[in-house]
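If you want the building blocks of each chain, they are given just below.
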Amino acid sequence: MARPTNPVGRWNRVFVCNCFGVTEAQVKKHAADGACTPRQIASACKAGTDCGSCVRRIQALLGRGALPGRDAAKRDIPALVEAGRREERLDEAA
């Protein structure tokens, strides 16, 4: 029996959560099925519930990567003000 020349997904797995072996494709599937927060992803597949190092990656996959970070807190800017500024910059760029 001949082996497939391009076994999709067999070697192209990108792991998001190493603790539970959750791949990027699995997170995207759960998001397509309705999970829209890292907590909902965690409920679906446990990703982000052990060491937590994958939570930011999960946020990015869910399109939540533009949230205010620590840099705003260091500058004593309220998070909502910083988020509004980021949205304004995105609107101007579009």
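Our structure is the block above this text.
Calculation criteria
- Numbering of residues starts from 1 in every chain and runs along the sequence as written.
- Per-residue local features of the predicted model are confined to residues with pLDDT of at least 70, and side-chain atom pairs are confined, for both listing and counting, to 80 or more; whole-chain, interface and lining totals are unaffected and use all residues.
- Excluded from the side-chain calculations are hydrogens and water; all other atoms, namely the structure's heavy atoms, are used.
- What we call a nonpolar core is a set of buried Ala, Val, Leu, Ile, Met, Phe, Trp, Tyr and Cys residues that are connected through their side-chain atoms within 4.5 Å.
- When a residue's accessible area, from a 1.4 Å probe over protein chains only, is under 20% of the maximum for its type it is buried; when over 50% it is exposed; and in between it is partly exposed.
- Helix and strand assignments follow DSSP, with helices taken as H or I runs no shorter than four residues and strands as E runs no shorter than two, numbered in order from the N terminus.
- We call two residues in contact whenever any of their non-hydrogen atoms come within 4.5 Å of each other.
- In this description, the arc belongs to the directions extending from the helix axis to the C-beta atoms.
- We define a salt bridge as a side-chain nitrogen of Lys or Arg found within 4 Å of a carboxyl oxygen belonging to Asp or Glu.

### Structural notes on the nonpolar core
Point 1. Counting residues in each nonpolar core, the largest one holds 11 residues, listed as Val 16, Cys 17, Val 22, Val 27, Ala 35, Ile 41, Cys 45, Ala 47, Cys 54, Ile 58 and Leu 62.
Point 2. Taken together, the elements giving at least two residues each to this core come down to strand E1 (15-17) and helix H2 (38-45).
Point 3. When neighbours within four sequence positions are excluded, Leu 62 is seen to be in contact with Ala 31, Ala 35, Cys 36, Thr 37, Pro 38 and Ile 41.

### Details of H2
Point 1. Turning to H2, its buried residues are Pro 38, Ile 41, Ala 42 and Cys 45. Here the buried residues of H2 occupy an arc of 100° about the axis, which is enough to place them on one side. Looking at H2, the residues exposed on the side facing more than 90 degrees away from the buried face are Arg 39 and Ser 43.
Point 2. Contacts from the buried residues of H2 go to strand E2 (22-23), helix H1 (24-32) and helix H3 (55-61).
Point 3. Two residues or fewer after H2 comes Lys 46, characterised by a positive phi angle close to 75°.

### A few points about the pattern of salt bridges
Point 1. Tallied over the entire structure, the rule returns 3 salt bridges.
Point 2. We note a salt bridge from Glu 24 to Lys 28, for which the minimum N-O separation is 3.3 Å. With Glu 24 and Lys 28 both in helix H1 and 4 residues apart, this pair spans about one turn of that helix.
Point 3. Judged by relative accessible area, Glu 24 falls into the buried class, the value being 17%.
Point 4. Among the residues examined, Lys 28 registers a relative accessible area of 45% and is labelled partly exposed.
Point 5. Here Lys 29 ties to Asp 33 by a salt bridge, and the two come within 2.7 Å at their closest N and O atoms.

Fair warning: the whole summary comes from geometry, so function is off the table for now.
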